Amino acid sequence: MRCMSHDITPFHLDIPQSELDDLNQRLRSARWPDELPGVGWDYGVAAGYLGELATYWRDGYDWRAHERRHNTFPQFTTEIDGQHVYFLHARSPRQDATPLILLHGWPSTVADFLDLVGPLTDPGAHGNGDAPAFHVVIPALPGFGLSGPTRERGWGITRIAGAWAELMSRFGYGRYLVQGGDFGGLIAPEMARIAPGNVIGVHVNALVTAADWSSGDPAAGLGEQAAEQLRAADEEWQERSGYATIQSTRPQTLAYALTDSPLGLLAWNLEWFVDYDPARTQQTAIDRDAILTNVTIYWLTRTAGSSARLYKEAGDAFYGGERSGVPTAVAVFPGDGTIRALAEKSHDIVRWTTYDRGGHFASLQAPDLLLDDIRAFRRQLPAV
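As the structure is a computational prediction, the values presented were derived from the model and not from experiment.

J.: Looking at this structure, how should I read the overall build of the chain?
T.: In terms of helices and strands, the chain carries 16 helices and nine strands. By the compact-globule yardstick of 21 Å for 384 residues, the chain fits well, its C-alpha radius of gyration being 20 Å. With respect to the three principal axes, the spread of C-alpha positions in the chain is 60 × 55 × 45 Å. Buried positions account for 55% of the 384 residues belonging to the chain. Considering only residue pairs separated by 6 or more positions, the chain has 76% of its internal contacts joining residues 24 or more positions apart. Working note: accessible area of the chain is about 16700 Å², and carbon and sulfur atoms make up 49% of it.

Structure (structure tokens):
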């Protein structure tokens, strides 16, 4: 890493009113495309659903209330490897607390974890005094929200993992637990690979277990059940992967539209927040304020394009990596296509739990289950 400042600066979120006025004006004057009759979500986000949510964003959603909520948490900024980084850092009052870093994915922000901070840092104050306690660090990914935009190439999974290892070291956290979902589920194990002496355990949800079909049949040798899972997951991915194909090849072209149109940004980020076929996955609905808080952060920080670049920077990271040897827990929620036979190739799995409610964004869809799973995994690990 290059020479860097280790200064950590307190941060207070305060968006100028002119930015909010501009957002509302753009929503009022949005141009809408036509829609084929009766197609629902088959061609993309349904106009009726989007219309209701956009109207609420303009007329009912209260950004200032969510801004005030953010400001009740300790927020900071720093520079790591030449990149401006925003994060939350909430210390536990407990002497036996374990340092824990929580890592989000796309199209999420640190807002996804706010409901977990209190129960993690001070379980006694939340009715569970016997539960493990944690010092919690929640960084925004480089290029995402208040950690954006990125200013140069190369901010892929390994570089981000190194930055977060550096962030934890700045607090003197020599041994810590890592948790992540979606992109966070790729970065968390990578932290264990580059800093195995520091990471005591890796906890992941929404773990990506993609397979490379370009050099033969990756289902061969997996066993009948796993092979069937993989082929079904691949078929589903082919139907839903348009956004990832664009973001991993032409993120800059996409950025012009998403940075200029809040309606376009809302539609683009919406599909993964809304399970448009409940019969398929039975995912738990996400509160519309949670969706809009994430989208509003992307809009206000103009980071739709820089966040999309991570798909291009990630390269082959979706296919896993070398086994780190660090104990790993995997929580599988409805909608996750995680396949254990593939996960075992890259992770030292000591805990595997499947849940019948929640979803891809577990911290928003089943925070109680995610919290309990993190606590249970911590109990399996040795003292720090």
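J.: Help me out: how do you make sense of the pairing of strand S9 (residues 348-354) in this one?
T.: The side chains of a regular strand alternate, first on one face of the sheet and then on the other. Sheet analysis places strand S8 (residues 327-332) next to S9, joined by six bridges and oriented parallel. Of the residues in S9, the one forming a bridge with alanine 329 is arginine 351. Taken together, S8, helix H14 (residues 340-346) and S9 form a β-α-β motif whose crossover is right-handed.

J.: What am I meant to see in the pattern of salt bridges here?
T.: Proximity of charged atoms lets side chains of opposite charge pair with each other. Summed over all chains, the structure comprises 17 salt bridges. One salt bridge connects arginine 94 with aspartate 96, and the closest N-O pair in it is separated by 2.8 Å. Residue classification places arginine 94 among the partly exposed positions, given a relative accessible area of 22%.

J.: I tried to follow the side chain of arginine 240 on my own but got confused; where do I start?
T.: Among the secondary structure elements, arginine 240 is positioned in helix H7 (residues 224-240). Among the polar contacts listed, one links the side chain of arginine 240 to the backbone oxygen of glutamate 271, at a separation of 3.5 Å. The contact partners of arginine 240, leaving out residues within four places of it in the chain, are Glu271, Trp272, Val274, Tyr276 and Arg280.

J.: Honestly, the pairing of strand S7 (residues 199-205) in this entry has me stumped. Any pointers?
T.: The element S7 is extensively covered by neighbouring structure, given that seven of its seven residues are classed as buried. In this sheet, S7 lies alongside strand S6 (residues 176-181) in parallel orientation, the contact comprising six bridges. Across the sheet, the residue bridging to tyrosine 176 is valine 199, located in S7. For the segment spanning S6, helix H6 (residues 183-194) and S7, crossover handedness is right-handed. Pairing between S7 and S8: four bridges, direction parallel. Bridging from a neighbouring strand, asparagine 205 pairs with alanine 331 of S8.

J.: Mind showing me how you'd approach the packing of helix H3 (residues 63-70) against helix H12 (residues 288-301) here?
T.: Helix-helix packing: each pair is described by the crossing angle between the helix axes and the interaxial distance. In the contact formed by H3 and H12, the axes pass within 11 Å of each other and the chain directions differ by 85 degrees. As summarised for this structure, H3 and H12 are arranged roughly perpendicular, according to the angle between their axes. Mapping the contact onto sequence places Trp63, His66 and His70 in H3 and Asp289, Thr293, Thr296, Ile297 and Leu300 in H12. Taken together, the residues of the contact of H3 with H12 sort by class into three nonpolar, four polar and one charged.

J.: Could you clarify how one ought to interpret the packing of helix H8 (residues 242-249) against helix H13 (residues 304-314) in this entry?
T.: Following both chains from N to C, one finds H8 and H13 inclined at 85 degrees, their axes separated by 6 Å at the closest point. Between H8 and H13, the crossing angle belongs to the class labelled roughly perpendicular. Contact residues: H8 offers Tyr243, Ala244, Gln247, Ser248 and Thr249, while H13 offers Ala308, Tyr311 and Lys312. Its residues assigned to classes, the contact of H8 with H13 shows four nonpolar, three polar and one charged.

J.: Please explain the packing of aromatic side chains as it appears in this structure.
T.: In this description, a pair of aromatic rings is defined by centroid distance and the angle of the planes. A full pass over the atoms with the stated rule returns 15 aromatic pairs. Ring geometry for phenylalanine 76 versus phenylalanine 87: centroids 5.7 Å apart, planes at 25 degrees, classification stacked. Highlighted residues: phenylalanine 76 in strand S2 (residues 75-80) and phenylalanine 87 in strand S3 (residues 83-90), separated in sequence by eleven residues. Site record: aromatic cluster; members linked through ring pairs are Trp106, Phe183, Tyr243, Trp272, Tyr311 and Phe318. Directly above the ring of tryptophan 155 sits arginine 159, whose terminal nitrogen or CZ lies 4.1 Å from the centroid. The residue whose ring lies beneath arginine 288 is tyrosine 56, and the NZ or CZ to ring-centre distance is 3.5 Å.

So, how was this worked out
- Residues numbered from 1 in each chain as written.
- Predicted model: local features only at pLDDT ≥ 70, side-chain atom pairs only at ≥ 80, totals over all residues.
- Heavy atoms only, no water.
- Helix = DSSP H or I, 4+ residues; strand = E, 2+ residues; numbered from the N terminus.
- Rg over C-alpha atoms; globule rule 2.2 N^0.38 Å.
- Buried < 20%, exposed > 50% of the residue type's maximum accessible area, 1.4 Å probe, protein only.
- Contact = heavy atoms within 4.5 Å.
- Areas by Shrake-Rupley, 256 points an atom, 1.4 Å probe, with all protein chains shown as cover.
- Pairing = 2+ DSSP bridges.
- Right-handed = clockwise from strand over helix to strand, strands pointing away.
- Salt bridge = Lys/Arg side-chain N within 4 Å of Asp/Glu carboxyl O.
- Polar contact = N/O pair within 3.5 Å; in protein donor to acceptor, adjacent residues only side chain to side chain.
- Axes fitted to C-alpha atoms, helices over the stretch in contact; angles between N-to-C directions.
- Parallel < 35°, antiparallel > 145°, perpendicular 65-115°, else oblique.
- Nonpolar A, V, L, I, M, F, W, Y, C, P; charged D, E, K, R; others polar.
- Phe/Tyr/Trp six-rings, centres within 6.5 Å; stacked < 30°, edge-to-face > 60°.
- Lys NZ or Arg CZ within 6 Å of the ring centre and 35° of its normal.

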